[in-house]
Amino acid sequence: MVWAGMASWGIVGPFFFNRTVTSASYLDLLENEILPALQANGRSREVVFMQDGAPPHYAVAVRDWLDANFPSRWIGRRPRNDARAHPDLCWPPR
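Residues numbered from 1 in each chain as written. Predicted model: local features only at pLDDT ≥ 70, side-chain atom pairs only at ≥ 80, totals over all residues. Heavy atoms only, no water.

Structural notes on the pairing of strand S2 (residues 10-16)
The condition is simple: DSSP-based pairing: two strands are paired if at least 2 bridges between them are found. Note on conventions: DSSP H or I runs of at least 4 residues are helices, E runs of at least 2 residues are strands, and numbering of each starts at the N terminus.
As paired strands, strand S1 (residues 2-7) and S2 are joined by five bridges and run antiparallel to one another. The partner of Val2 across the bridge, within S2, is Phe16. Taken together, S1 and the strand that follows it, S2, pair antiparallel across an intervening segment of two residues.

Examining the layout of surface pockets
Here is the rule we go by: Space inside and on the surface of the protein is sampled on a 1 Å grid over the protein atoms alone, with a cavity defined as a set of points where a 1.4 Å probe fits but cannot get out and a pocket as an open set with protein on both sides within 12 Å along at least 5 of 7 lines; lining residues have an atom within 4 Å of a point. Grid points are joined across faces, edges and corners, and a volume is the space filled by probe spheres set on the points. Charged means Asp, Glu, Lys or Arg here, nonpolar means Ala, Val, Leu, Ile, Met, Phe, Trp, Tyr, Cys or Pro, and polar covers whatever is left, Gly included.
By volume, the largest pocket is sized at about 350 Å³. Lining the largest pocket we find 18 residues, and of these Trp3, Gly5, Met6, Phe49 and Met50 sit closest to its centre. Contributions of two or more residues to the lining of the largest pocket are made by S1, helix H1 (23-40) and strand S3 (49-50). The element best represented in the lining of the largest pocket is S1, accounting for five residues. For the lining of the largest pocket, the per-class residue count stands at 13 nonpolar, three polar and two charged.

So, the packing of aromatic side chains
Rules: Stacked, tilted and edge-to-face are the three classes applied to pairs of Phe, Tyr and Trp rings, where Trp contributes its six-membered ring and a pair requires centres within 6.5 Å; stacked means planes under 30 degrees apart, edge-to-face means over 60, and tilted covers the rest.
Per the stated rule, a full pass over the model turns up four aromatic pairs. An aromatic cluster is present here, built from Trp3, Phe15, Phe49, Trp65 and Phe70 joined pairwise through their rings.

Topic: unusual backbone geometry
With an omega dihedral of 10 degrees, the bond running from Gly13 to Pro14 counts as a cis peptide bond. Considering the arrangement of structural elements, one finds Pro14 in strand S2. The residue Ser72 is not glycine, and still its phi comes out positive at about 55 degrees. By the secondary structure assignment, Ser72 is in the loop between helix H3 (60-69) and strand S4 (74-75).

Notes on the nonpolar core
The line we're drawing: Side-chain atoms within 4.5 Å are what join buried Ala, Val, Leu, Ile, Met, Phe, Trp, Tyr and Cys residues into a set we call a nonpolar core. Each residue's exposure class comes from its accessible area (1.4 Å probe, protein chains only) as a fraction of the maximum for that residue type: buried when under 20%, exposed when over 50%, partly exposed otherwise. Two residues form a contact once any of their heavy atoms are found within 4.5 Å.
Formed by 19 residues in total, the largest nonpolar core has its most connected members in Trp3, Leu30, Ile34, Phe49, Leu66 and Phe70. Mapped by element, the contributors of at least two residues to this core are S2, H1 and H3. By residue number, the principal contributor to this core is H1, which donates seven residues. Residues in contact with Trp3, not counting those within four places in the same chain, are Val12, Pro14, Phe15, Phe17, Tyr26, Leu29, Ile34 and Phe49.

Here it is in structure tokens:
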């Protein structure tokens, strides 16, 4: 499996999973590959991070990490009753 990010200023990655993508392996990729790559080129504070509603993306630990590192700047599936969810930054599941 491969992950790559696209932005108006270029591509981030690609990063490869050599194992099944789980919430733990996805969180590891976010922490140890994606965020450092964004920080290295000075873009981490301007990025709006977008992902779909795949189960590994929806784990509580992943959402908490995204809230801490991309506050009000990530788009993904969230519970309807999540007070942290900005209505314009929600993505339907699957």
